[in-house]
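Architecture and fold: a report
Spelled out from the first residue to the last, the chains are:
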Amino acid sequence: MMNTLKRNIALLLVLLCMQVAVAQERLQSPEQFLGYQLGKQFTTQNRILDYVNYLAAQAPNRMKVQQYGQTYEGRPLMLAYVASDENLPRLEQIQENNLRQAGLQSGQVQGNQPAIVWLSYNIHGNESVSSEAVMQVLYDLLDPANAQTKQWLQNTVIILDPMVNPDGRERYVQWYKQASNQGGNASPYAWEHYEPWPGGRPNHYYFDLNRDWAWQTQIESKQRLKEYNNWLPQVHADFHEMGTESPYYFSPAAKPFHESITPWQRQFQNTIGDYNRQYFDKNNWLYFTRENFDLFYPSYGDTYPTYNGAIGMTYEQGGSGRAGLTYQKQDGDTLTLVDRIAHHVAASHATIQASSEKADQLKQEFRKYYQNNLNNPAGDYKAFVLKADGRSAANLKSLTDYMDRQGIQYGYAGKSTSVRGFNYSTGKEERVSVGSNDVVISMYQPKSTLVKVLFEPNARLEDSLTYDITSWSLPYAYNVQAYALKNRMNVSSINTAATSAAAITIERPYAYLARWNNLQDLKFLTELMKQDVKVRQAEKAFETDGQRYEPGTLIITRTGNERMGDKLDATVRELAKQYDVNLSATGTGFVSSGADFGSGSVRYLKMPKVALLSGEGVSPYGFGEVWHYFEQQIGYPVTVLNTSYFRNIPLNEFDVLILPNGSYSQVLNEETLENVRDWVNAGGKLIAMESAAGFLAGKKGFNLKKKSQEAESEEKSKVKDENPYKNLHTYANREREALEGEVQGSIFRVDLDKTHPLAFGYGDTYFGLIRSADTFSFLENGWNVGVLKKDNYTTGFVGSKSKEKLQDALILGTQDMGRGQVIYLADNPLFRGFWQGGKLMFGNAVFLVGQ
Ligand SMILES: [Zn+2]
């Protein structure tokens, strides 16, 4: 008896102690955990993840974290899942159910299916409020005392990406901590409000990740989109910041909307807007809707989810990399990080609440969306055919890899046939022949809306006021011959093409030959160079052993590579296999037509030492695209220079100097430019891209001329005859009028001189994404390798005043200067890293021209 009593007292004590412990371990708010009020300091990624992990540890029944990858600089990329006690253990089933609803996985939906809401924070690194706000959002979702969020989680699963772009955000936050006063200085003149070059917005390679959703050129996007496409949420919201003076922005979005956006998706934009309005009105916060942020370009965090069946939204807070902790606005109000956090938290709540209260409708419309995609696809075209011809084989392979990542289904024609279709290269409806191994994409599939948006030749613009490129059609971007068909086409899963190249029968050939067709061939060349194999290149077409070889063919002779001995054969064959290069071999240096391998027109390709300019004045994006190309796409050494010490560089250490897009008047002053000119004259190769080419136009020694310089003088003499009221403009039309002189990223056919090394590997034409109407005249003294003639416009928006400038214009040109060359790339073939068709062209400029 006594013993029992003792035991009971002991038990009671234990229970009492446990209760005290539980009370002490109540979920800590961000402030309790971090030791400061949210918004009083910036929080580094380490500390944010500490808090996220802390929450997951405290609430294991309601929250789970997952590392889905890492950034180029090695920082972790994380997702947090929050759900009810009931739903968290069955996340996998919920995910599978969702794909079943979309027809992307077979089987029936099991159990109750919640709506899935995905919230992405801080894709632009210096829009730094978002990753602060997410800590509060997570706390609110998990706080046991919060009955409201508990209610929302009954029928929703929330997936949060606390920091989409950690490299960019840390760049900003670390700098701000160094540059700011204690607690921040609101003066708009304080250093802490002037972020230095290149700014924290983009990722490590200075790519704008919010232009990369559809293309996935960056590892952050690739890894994230893999998870995203496994989930396909019903709602996606992307948290941003804009200029300091702007009030908050939420949906509905501005026009233009892409025509593929369904009435339901438009309507629900309004619904979520209504929920946000209630939160903002209640707090007397200013906001705006339906302006600036449109839904057209498919690579944003609102459009890409939209084309995948979600309600995709952008939220924008005023602040960005300028506002710091506190900032005095022009209207006298002080904008604080604390306020900015409150707004993004409110918008997060509004989004979740709307999704929860309308969950049934969201799920129903999501199912309908995918059923319509499958059974009744929108648009004029019902199938797309991609030609499997030899030259574009590697480009086609990149494109099918891309479709695999997107979950786009495709097959093969299965038999040869002839059909009517829109021919992408002629721009006409015509009878076209389809081969049995041509790739066929049927529109009758769950992702047909995405297919339509990415493949159709002409995206219809309901309003020209968009702030991005207006065309991106993938057959043009990948330089693949394609047709769009109005009739349905059956798809076979069988590809009968020979998979392996004919084996080389000569044991120790006189020479190996590799055709020059695509980026794989370029990688093969650069790898040979790195392994010290001497490679030559045929400047003219030739025939040997009954085979024809086009200009640009690589010739690897035993002569010149003697020191490698038999290792030569193993190295060349191994690399060819690795890069999927169709290698052949010959026992003779004599050709039946063309130039023998000993001829002067067979050039030795020297391995170039490449320098690339970065720094103040250079566009971070333009620079980053080239940097990413060398490091991540072709794997070739490049030395990055900075404008701050550029004038002290002994340029003769390098063979190639690349000037990316940028403004060069400060960097290339008279003296520095003279140095560059001397270096070119002595044999250097200068590659000037976009506005770098524009800067050189008209300068001493450079033969390039801007068309505008010529046209202006003509226009002045004409002006008298015209309408005298021509200059009376309407103020309200100013944005629209400004567009008349623009081209916002439109596709043009570029006519090529394919006998020039800059165009080796291409046919007579190539499709370029033209982004500037500030064009150049044909070179009088130089090679006009890529030009726009009268009717080369293909698709996309072109303002009425720029049409003329985009006719008879130089796009790609070269000139000799002394013993060196200057290459002008008025069009950037590496734009956003997604224009596959331009990548070989850039390689030609670096590795072939002038050799
Ligand atoms: Zn942004």
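That block above? That's the structure.
Worth saying up front: this structure is predicted, and the values here are computed from it rather than measured.

Attention shifts here to the overall build of the protein. Tallying secondary structure elements over the protein gives 24 helices and 35 strands in all. Taken against the 2.2 N^0.38 rule, which gives 29 Å for 851 residues, the C-alpha radius of gyration of the protein at 30 Å falls within 12% of a compact globule. Taken across its 851 residues, the protein has 58% of its residues classed as buried. Relative to all contacts within the protein whose residues are 6 or more apart in sequence, the contacts with residues 24 or more apart total 78%. Working note: accessible area of the protein is about 35800 Å², and carbon and sulfur atoms make up 47% of it. Within the protein, the 92 negative side-chain charges are centred at a point lying 3 Å from the centre of the 86 positive side-chain charges.

Next up on the list: the packing of helix H4 (residues 91-101) against helix H8 (residues 219-231). Relative orientation of the contacting elements H4 and H8 amounts to 75°, with a least axis distance of 8 Å. By the angle between their axes, H4 is roughly perpendicular relative to H8. Side by side, H4 and H8 meet where Leu91, Ile94, Gln95, Asn98 and Leu99 of the first sit next to Asn229, Asn230 and Trp231 of the second. Looking at the contact of H4 with H8 residue by residue, the class counts come to four nonpolar, four polar and no charged.

On the protein side, the zinc ion has His124 (ND1), Glu127 (OE), Glu127 (OE) and His240 (ND1) as donor atoms, found 2.0 to 2.5 Å from it. Each of the four donor atoms around the zinc ion contributes to a set of angles spanning 56 to 154°, which defines the coordination as irregular. Spacing between the donor residues of the zinc ion along their common chain follows H-x2-E-x112-H. Across the pair, glutamate 127 and histidine 124 agree in class, each one buried.

Within the open sheet, the five strands sit side by side as S24-S19-S23-S20-S25. Their pairing is antiparallel. Among the strands making up the open sheet, the edge pair consists of strand S24 (583-586) and strand S25 (602-604). The average angle at which neighbouring strand axes cross in this sheet is 30°, direction not considered. Two strands pair when backbone bridges link them, and strand S19 (residues 511-514) and strand S23 (residues 554-557) are joined in this way by four bridges, in the antiparallel orientation. Pairing of alanine 511 across the sheet is with threonine 557, part of S23. Running over the sheet, helix H17 (residues 519-530) touches S19, S23 and S24 and is turned about 30° from S23.

We now examine the side chain of glutamine 113. Within the secondary structure, glutamine 113 is located in the loop between H4 and strand S3 (115-121). A relative accessible area of 9% means that glutamine 113 is categorised as buried. Separated by 2.9 Å, the side chain of glutamine 113 and the backbone oxygen of isoleucine 94 make a polar contact. With near-sequence residues (within four places) excluded, glutamine 113 lies in contact with Ile94, Asn97, Asn98, Gln101 and Lys363.

Before going further, it helps to spend a moment on helix H9 (residues 263-282). Over its 20 residues, H9 extends 29 Å from the first C-alpha to the last, a length consistent with the 28 Å expected when each residue adds 1.5 Å. Among the residues of H9, those classed as buried are Trp264, Gln265, Phe268, Gln269, Thr271, Ile272, Gly273, Tyr275, Asn276, Tyr279 and Phe280. The positive-phi residue at the C-terminal boundary of H9 is asparagine 284, with phi of around 60°.

Here is what the cut-offs are and how they apply
- Residues numbered from 1 in each chain as written.
- Predicted model: local features only at pLDDT ≥ 70, side-chain atom pairs only at ≥ 80, totals over all residues.
- Heavy atoms only, no water.
- Helix = DSSP H or I, 4+ residues; strand = E, 2+ residues; numbered from the N terminus.
- Rg over C-alpha atoms; globule rule 2.2 N^0.38 Å.
- Buried < 20%, exposed > 50% of the residue type's maximum accessible area, 1.4 Å probe, protein only.
- Contact = heavy atoms within 4.5 Å.
- Areas by Shrake-Rupley, 256 points an atom, 1.4 Å probe, with all protein chains shown as cover.
- Lys, Arg positive; Asp, Glu negative; His and termini not counted.
- Charge placed at Lys NZ, Arg CZ, Asp CG, Glu CD.
- Axes fitted to C-alpha atoms, helices over the stretch in contact; angles between N-to-C directions.
- Parallel < 35°, antiparallel > 145°, perpendicular 65-115°, else oblique.
- Nonpolar A, V, L, I, M, F, W, Y, C, P; charged D, E, K, R; others polar.
- Donors = N, O, S within 2.8 Å, 3.2 Å for Na, K, Ca; no water.
- Tetrahedral: all angles 85-135°; square planar, octahedral: opposite > 155°, others 65-115°.
- Pairing = 2+ DSSP bridges.
- Polar contact = N/O pair within 3.5 Å; in protein donor to acceptor, adjacent residues only side chain to side chain.
- Expected span 1.5 Å × (residues − 1).

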